[in-house]
Amino acid sequence: MGRKQSTGRRQVNRINQYLIVVIRVVLGSVFLWASFEKIIDPAKFARSIANYHVIPFGLENIIAIVLPWLELFIGSGLILGLMVDGSIIITSVLLILFNLMIAQAILRGFNIECGCGLKVGQLVGIEKILENFVYLGGAYILYMRQMKILELFPKTNLSDN
Amino acid sequence: MNFSSSLHQIYIYFALSFVTSFVINLSRTDTLPMIAEPLEIIDDIGQINDKISAPILREISIDIAKDLFDQNILFVDARSEEYYIEGHIPKAVCNDNLDSLITIMEEYISVDNGFVVYCSDDDCGSSEELAYSLQEQGFLNIYLFKGGWKQWVENNLPVEGK
């Protein structure tokens, strides 16, 4: 595991460190942008979640209340360089969950709006899954970074963790 | 608290999100309940004639939808126009543009008249979405036919289109 991680980190280290900052800002902006519409209209977001038919007991409301703020905070964290490791892990888990939700909707033949908050009226589809995989790739590169560039908090070097 | 620990950072993000979202939600004029409440279901045609003073969205079954169709209540097709052209409930109206749709609807009804919204089937979601959008535009009495086009056709009810 340790060998795999160090190989991964070496590969990522070859990437220009400032490119890592760019990936961080782009990924952060995606999450930040996605959160706005959901924060403004959580009821609409709750209905989008309900349309996936996977959330039981009316829990779509509590997800619709909390998730957009989580997206806002991790998006801001990535852009500003605040607790980046935590934001990357949450980002990755969310992207995997989003893809699972979309995949089951496609498999069950649901022709529903994605509710992703990026494009109005975007329907679930394979394009959205691929898009999320691109973001996941970005998150992987960030997770494997060796140096902290323009990260405000915490200042500890990754090697010290 | 070790801020360099990824796990602690995750806790902080979740704590921040829960606290902020709950506070903001409670301070909103349109506070969203923590648990979603299902729509009221109309199971008796007698409930249809209720006087409506506040906006209400209620779910109807295929039987009630058929009764309302027989009473010449307006049907609004929430599917995209290409599906509407292929086939729709007779006299239903449809438009991809919300403003244009409202203009068309106002030729038939006023805001306090009841009407039915439907889409493809129980899984499509666009009928509920359109119903809420129309409610925001001032329409008061909306019936949501979740069975939609699929259930209508399966019951061999009249259709119009290609």
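What about the overall build of chain B?
And step 1. Helix and strand content of chain B: six helices and five strands.
And step 2. Going from N to C terminus, chain B has its helices and strands arranged as α-β-β-α-β-α-α-β-α-β-α.
And step 3. Taken along the three principal axes of its C-alpha coordinates, chain B extends 70 × 35 × 30 Å.
And step 4. Residues classed as buried in chain B amount to 31% of the 162 residues present.
And step 5. Across chain B, contacts joining residues at least 24 apart in sequence account for 62% of those joining residues at least 6 apart.

Let's talk about the overall build of chain A
And step 1. A count of helices and strands for chain A gives six helices and zero strands.
And step 2. The linear arrangement of helices and strands in chain A, starting from the amino end, is α-α-α-α-α-α.
And step 3. In chain A, once contacts between residues fewer than 6 apart in sequence are set aside, the share between residues at least 24 apart is 68%.

As for the interface of chain A and chain B
And step 1. Contacts between chain A and chain B engage 33 residues on the former and 26 residues on the latter.
And step 2. Those elements giving two or more residues to the side of chain A that touches chain B turn out to be helix H3 (42-50), helix H4 (60-80) and helix H5 (84-107) of chain A.

Focus on the confidence of the model for chain B
Residue and element names in this part refer to chain B.
And step 1. Scored by pLDDT, chain B has a mean of 92; 98% of the residues are at 70 or more.
And step 2. The spread of mean pLDDT over the elements of chain B runs between strand S1 (residues 40-42), the lowest at 88, and helix H1 (residues 6-27), the highest at 97.
And step 3. Confidence estimates for the predicted assembly give a pTM of 0.83 and an ipTM of 0.88.

Topic: helix H6 (residues 126-143) of chain A
All names here are of chain A.
And step 1. In a regular helix each residue adds 1.5 Å, so 18 residues correspond to 26 Å; H6 covers 25 Å between its end C-alpha atoms and thus fits that length.
And step 2. Those residues of H6 lying buried are Lys128, Glu131, Tyr135, Gly138, Ala139 and Leu142. The buried residues of H6 occupy an angular sector of 100 degrees when the element is viewed end-on, so they sit on one face. In H6, those exposed residues whose orientation departs by more than 90 degrees from the buried face are Ile126, Leu130 and Gly137.
And step 3. Here the buried face of H6 lies against helix H2 (17-40) and H5.

Describing the packing of H2(A) against H6(A)
All names here are of chain A.
And step 1. Where H2 meets H6, the closest approach of the two axes is 10 Å, and the angle between their N-to-C directions is 135 degrees. Considered as vectors, H2 and H6 are oriented oblique to each other. Read as a crossing pair, H2 and H6 show a hand that is left-handed. Judged by residue contacts, Ile20, Ile23, Arg24, Val26, Leu27 and Val30 of H2 engage Tyr135, Gly138, Ala139, Ile141 and Leu142 from H6.

Section: the domain arrangement of chain B
And step 1. Under the domain assignment, chain B is made up of domain 1 (1-37) and domain 2 (40-154).
And step 2. Summarising the inter-unit geometry, the C-alpha centres of domain 1 of chain B and domain 2 of chain B are found 36 Å apart.

Quick look at the environment of A:Leu80
Residue and element names in this part refer to chain A.
And step 1. Checked against the element boundaries, Leu80 lands in helix H4.
And step 2. We classify Leu80 as partly exposed; it has 17 C-beta atoms within 10 Å.
And step 3. Separated by 18 residues in sequence, Leu80 and Phe98 have C-alpha atoms that sit 24 Å apart.

Comments concerning the sheet that holds strand S4 (residues 115-118) of chain B
Within a beta sheet, neighbouring strands are joined by backbone hydrogen bonds and run either parallel or antiparallel to one another.
All names here are of chain B.
And step 1. Strand order in this open sheet of five strands is S1-S2-S5-S4-S3, and the pairing throughout is parallel. Taken across any chain shown, the strands that pair with only one partner, and hence form the sheet edges, are S1 and strand S3 (74-77). Sheet twist, expressed as the mean angle between neighbouring strand axes with direction ignored, is 35 degrees.
And step 2. Bridge count between S4 and strand S5 (residues 141-145): four bridges; the pairing is parallel. The partner of Val116 across the bridge, within S5, is Tyr143.

What counts, and at which threshold
Residues numbered from 1 in each chain as written. Chains lettered and ligands numbered in written order. Predicted model: local features only at pLDDT ≥ 70, side-chain atom pairs only at ≥ 80, totals over all residues. Helix = DSSP H or I, 4+ residues; strand = E, 2+ residues; numbered from the N terminus. Buried ≥ 20, exposed ≤ 12 C-beta atoms within 10 Å, placed from the backbone. Contact = placed C-beta atoms within 7 Å. pLDDT = per-residue confidence, 0-100. Expected span 1.5 Å × (residues − 1). Arc of directions from axis to C-beta. Axes fitted to C-alpha atoms, helices over the stretch in contact; angles between N-to-C directions. Parallel < 35°, antiparallel > 145°, perpendicular 65-115°, else oblique. Left-handed = near helix turned anticlockwise from the far one by under 90°. Domains from an automatic or database assignment. Pairing = 2+ DSSP bridges.

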